[in-house]
Each structure stands twice: as structure tokens, then as C-alpha cells.
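The residues making up each chain are set out below.
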Amino acid sequence: MPDIVHILDKELLTREDLIRLLTVTSKAERDLIFQKAAKVRSENVGKNVYLRGLIEFSNRCEKNCLYCGIRTGNAQVERYCLEEDEVIACAQHAFENNYGSVVIQSGERTNEDFIIKIDNLVRKIKILSHGKLGITLSCGDQSKETYQRWFDSGAHRYLLRFEASDPDLYYKIHPNNKKHFLLNRLNSLQYLKETGYQVGSGMMIGLPGQTPENLADDLLMLKMLNVDMVGMGPYIEHKDTPLFEKRDQLLPKDERLALSLLMIAVLRILMPDINIAAATALDSLADDGRMQAICSGANVLMPNFTPLKYRENYFLYENKPYLTEADALIKKINESGNLNGYQIKFGEWGDSKHFANRVKGLGFDS
Ligand code: SAH
Ligand code: SF4
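Since the model is a prediction, treat every value here as computed from it, not as a measurement.

### Describing the overall build of the protein chain
Working step 1: Regarding its fold elements, the protein chain presents 14 helices and 10 strands.
Working step 2: Viewed in the frame of its principal axes, the protein chain has a C-alpha envelope of about 60 × 45 × 40 Å.
Working step 3: Taking all 366 residues of the protein chain together, 58% fall into the buried category.
Working step 4: Long-range pairs, those at least 24 residues apart, make up 75% of the contacts in the protein chain between residues at least 6 apart in sequence.
Working step 5: Counting only carbon and sulfur atoms, one obtains 51% of the accessible surface of the protein chain, whose full area is about 15,000 Å².
Working step 6: Taking the 46 positively charged and 49 negatively charged side chains of the protein chain as two groups, their mean positions are separated by 2 Å.

Right, dumping it as C-alpha cells:
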């Protein structure tokens, strides 16, 4: 216990410190970490929670990640791609409900048709909202030119998780071939930054075979990449994927949730001014999983705006809370009375403070 107090007082956390924080066993030690994270959060990004309306554009994907329910090799999935007017209607709905931003997420495709579709969507969402809706993209690995094209059209944030920073673990959860190279993802993150995006990355927590050392290295990778935003969440098994075979190695759900929340708190301490999203996958482990994440240091929430009829086909993992509509989620949060003073912010982009500090050459890791 005294060593935890000492670690939490340090300016710079080492790998050993992170491992120690991620392996605490007593409630008293955990509480100290969460208290510190709450303090760091209030001092650096305040108590606001920013909203992004999530639009799951398409479940067609060229990749075969071994954990993902919409991988190209899963023949059980009915494939869809939203029509342009359907996406525009979702964005309009978000705009009318005073959301500051939307996220367009999709399975990964690199053909010209897909690139043009995303490009048109970005431009049309900008037009419908008179430039007021912020746009985050999460459409996987693309060429430098494509990132530039989408940026020029109006997207200003991009989420691309590296999923696991340890190459051994990474190739246990991805096919080891050119299409899935870890280095491509890391290069993409660099291109995105050079293009001028606010860049987000992250990983899955509780993967089979993942150790506390791996998680500490993942956190250090985020710090080294100097990301502006993080989306990290628990790995949830999906029966139609190869990784399902290793389900015996998984932590029980309550422990996976507890570890995910601890990771959020430790990340908040490590990178005080970034945006951290409360991952949807947390709600697969507990009804109020995302709310627990907000109370642990996350400051971004991404309610789902995808039309209901498509949602059951965007099952990246099992038990995905696909029936929760965006409006219902906000209502539930407002009614729960359990926001601990955190305030949902409508009508604001809620850009990453870290990004602002980074471009000004100020602050942490600039
Ligand atoms: N195709 C894009 C974006 C969609 S996938 C991409 O891969 O970047 C978005 C995220 O869903 C992935 O980054 C991955 O971390 C997460 N995901 C996929 N399968 C999952 C699973 N079984 N459990 C938890 N998260 C999963
Ligand atoms: Fe495709 Fe993304 Fe799923 Fe990988 S994680 S299979 S890239 S949708």
C-alpha cells in the first residue's frame, strides 16, 4: 500500500509502476487509484462528457481479425452497407438532438467505391449541419492519400486501434499476413497525425493470453504514440470466430470489467488531457458498464444512431447492447442520478485538450 501512494505521487510512471498499478488486489489500493484518476481528470479535462452519435456504416470487411464477428470469413453474417440517405438521416437526427459530433465506423474496405462513399458522406454531413457537426472516422487502414482526401472533405478525428502492441499477442489474434501487419497500423497512425487529424487508438483488454505486462506496454505505446484520444474496451468472445476456441482462458466477466475500469483510471493518470471513450463493449459485461467507465476517467460517450434493422448485423462481439437507442441511453443516464457530478455536454465538439496542447507545442508530451 505505501508503494501505491508513492507511485501515484510520481511525475513519470515507469513500466514497473504501471504493472504494479494494474495488479493491485485490495479494494483500498484500487480506491486510491480511482481517487487519483478522478482528481487528474477534474484538473485537466473537467467533468464534462462529450457525445458522438455512432453510425455503423457497413459490416462488409476485407479483413479477417480472429476475434471479430464481422470478419470476412464469417459466412453467418448478412452483409449490409447503409444508403447515403440513411446515413444522412442518422446524422440529421444527431444534429437535431444537439449532438456535437458523429462517428462513422465501418468494416475495412479500400476500393475506390468505398472511398468515394465515405468522402461524399463527410461532405454532405458538413453541409447539412452548416459545418457544425464534428466528424470522426473509424474505417480502418487506408492509404495516406485517402486519409488526406477525407480530411480535406471535413473529417477531423480518426480512430484506429492497434489492438495489441506486443507482436506475439497481436499475431495470436490476427492472421500473420500482409493485410494484417501491425506495422501498417502503426504507420497509419503516423500518417493520420501528419495529415492533421486528432488521432485515437487503443486495444482490447482481457484477450486470451494477455498479461499485465502486455497491458502496461499497451499503455506505454499510447503514450509513445502521443495519441489525442483512446478507445479501449474489454474483449468479448464471439462464437463464430476462431478466437472463441480460447474462451477457457478468459477472465470471468466481472473481473474483465474491473480490469477494464482500472485500465481507464491508470490511463487517465498517465495521459491527463486526452479524451477517453467509454467503449460500448463495457455494456456487454454490465448494464451500466459505460457509466462505470465515465466514473473511472472516461469523458466521451458514443450512443448508437445506426438504424435498428441493421444493428443485429454489426455484432463485432456477443451480447452487444444493440437495442439501446441513443435517445433512450441519454434518458437512462439522466434518470439514473448516478453521474457523480459528470455533465453530458450537448452541442459541443468536445475536442481533445491534448490535441490543442500538442499543436500549440504545450503541455504533456507535446
Ligand atoms: N474496421 C475498423 C473499425 C471497426 S471495428 C477497425 O478495425 O479499425 C472497431 C473495433 O471493434 C476494433 O478496433 C476492435 O478493437 C473492436 N472489436 C472487434 N471485435 C471485438 C470483440 N470481439 N470484442 C471487443 N471488441 C472488438
Ligand atoms: Fe474488420 Fe475491424 Fe472487424 Fe478487423 S476489427 S475484421 S478490420 S471490422
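### Re the site of ligand 2
Working step 1: Contacts to ligand 2 come from C61, K63, C65, Y67, C68, I70, R71 and G107.
Working step 2: Its residues assigned to classes, the shell around ligand 2 comprises five nonpolar, one polar and two charged.

### Description of the site of ligand 1
Working step 1: The environment of ligand 1 is formed by 18 residues, the closest being Y67, S106, R161, E163 and I236.
Working step 2: Here an oxygen atom of ligand 1 and a side-chain polar atom of R161 are 2.7 Å apart.
Working step 3: Measuring from an oxygen atom of ligand 1, one finds a side-chain N or O atom of R185 at 3.4 Å.
Working step 4: Considering ligand 1 on its own, with 540 Å² of exposed area, one finds that the protein chains cover 93% of that surface.
Working step 5: Per-class residue counts for the shell around ligand 1 are nine nonpolar, five polar and four charged.

### Let's talk about the packing of aromatic side chains
Working step 1: A complete count under the given rule lists nine aromatic pairs for this structure.
Working step 2: Centre to centre, the rings of Y80 and Y310 are 4.8 Å apart; their planes meet at 35 degrees, and the pair counts as tilted. Placement of the pair is Y80 in the loop between strand 1 (48-58) and helix 4 (84-96) and Y310 in helix 12 (residues 308-311), with a sequence separation of 230 residues. Take Y80 and Y310: they sit in the same class, and that class is buried.

### Thoughts on the pairing of strand 8 (residues 275-278)
Working step 1: Side chains N275 and A277 of strand 8 all project onto a buried face; the interleaved residues I276 and A278 project onto the opposite face, where all are buried too.
Working step 2: By the bridge criterion, four bridges tie strand 7 (residues 229-234) to strand 8 in an arrangement that is parallel. Counted as the bridge partner of V230 is I276 from strand 8.
Working step 3: A crossover connection joins strand 7 to the parallel strand 8 through helix 10 (residues 253-270); in handedness this β-α-β unit is right-handed.

### Looking at the packing of helix 6 (residues 144-153) against helix 8 (residues 182-195)
Working step 1: It is the contact of helix 6 with helix 8, at a shortest axis distance of 10 Å, that shows an interaxial angle of 35 degrees. Along this stretch, helix 6 crosses helix 8, giving a crossing that reads as right-handed. For the pair helix 6 and helix 8, the contacting residues are K144, Y147, Q148 and F151 in the first and S188, Y191, L192, E194 and T195 in the second.
Working step 2: Here the contact of helix 6 with helix 8 is composed, by residue class, of four nonpolar, three polar and two charged.

### A closer look at unusual backbone geometry
Working step 1: Non-glycine residue H130 carries a positive phi angle of around 50 degrees.
Working step 2: Located in the positive-phi region is N226, a residue other than glycine, with phi close to 60 degrees.
Working step 3: Mapped onto the fold, N226 is located in the loop between helix 9 (212-225) and strand 7.

### Here's the deal with the pattern of salt bridges
Working step 1: In this structure the tally under the stated criterion is 24 salt bridges.
Working step 2: For K179, the salt bridge identified is with E62, shortest N-O distance 3.3 Å. Residue K179 is located in the loop between helix 7 (167-173) and helix 8, and its partner E62 is located in the loop between strand 1 and helix 4; the two are separated by 117 residues in the primary sequence.
Working step 3: Assessed through its relative accessible area of 40%, K179 is described here as partly exposed.
Working step 4: Notably, a salt bridge pairs D240 with K239, separated by 3.5 Å at the nearest N-O pair.
Working step 5: Look at D240 and you get partly exposed, because its relative accessible area is 26%.
Working step 6: What emerges from the salt-bridge pattern is a single network uniting K63, E108, D141, E163 and R185.

### With respect to helix 14 (residues 353-360)
Working step 1: All buried positions along helix 14 are accounted for by H354, F355, N357 and R358. Along the axis of helix 14, the buried positions cluster into a sector of 165 degrees, meaning they face one direction only. Exposed residues on helix 14 whose side chains face more than 90 degrees from its buried face are V359 and K360.
Working step 2: If you follow the buried residues of helix 14, they end up packed against helix 8 and strand 5 (198-201).
Working step 3: At the N-terminal end of helix 14, a side-chain oxygen is found 3.2 Å from the backbone nitrogen of H354, two or three residues along, and the residue is S352.

### Considerations on the pairing of strand 7
Working step 1: Along strand 7, six of the six residues are buried, which leaves the element largely enclosed by surrounding structure.
Working step 2: Where strand 5 meets strand 7, two bridges bridge the pair, whose relative direction is parallel. Residue pairing across strands places S201 opposite V230, the latter belonging to strand 7.
Working step 3: Pairing of strand 6 (residues 204-205) with strand 7, which is carried by two bridges, proceeds in the parallel orientation. Residue M204 lies in a different strand from strand 7, and its bridge partner there is G233.
Working step 4: Each parallel crossover has a hand, and the one from strand 6 via helix 9 to strand 7 is right-handed.

The rules behind the values
Residues numbered from 1 in each chain as written. Chains lettered and ligands numbered in written order. Predicted model: local features only at pLDDT ≥ 70, side-chain atom pairs only at ≥ 80, totals over all residues. Heavy atoms only, no water. Helix = DSSP H or I, 4+ residues; strand = E, 2+ residues; numbered from the N terminus. Buried < 20%, exposed > 50% of the residue type's maximum accessible area, 1.4 Å probe, protein only. Contact = heavy atoms within 4.5 Å. Areas by Shrake-Rupley, 256 points an atom, 1.4 Å probe, with all protein chains shown as cover. Lys, Arg positive; Asp, Glu negative; His and termini not counted. Charge placed at Lys NZ, Arg CZ, Asp CG, Glu CD. Near = heavy atom within 4 Å. Nonpolar A, V, L, I, M, F, W, Y, C, P; charged D, E, K, R; others polar. Polar contact = N/O pair within 3.5 Å; in protein donor to acceptor, adjacent residues only side chain to side chain. Phe/Tyr/Trp six-rings, centres within 6.5 Å; stacked < 30°, edge-to-face > 60°. Pairing = 2+ DSSP bridges. Right-handed = clockwise from strand over helix to strand, strands pointing away. Axes fitted to C-alpha atoms, helices over the stretch in contact; angles between N-to-C directions. Left-handed = near helix turned anticlockwise from the far one by under 90°. Salt bridge = Lys/Arg side-chain N within 4 Å of Asp/Glu carboxyl O. Arc of directions from axis to C-beta.

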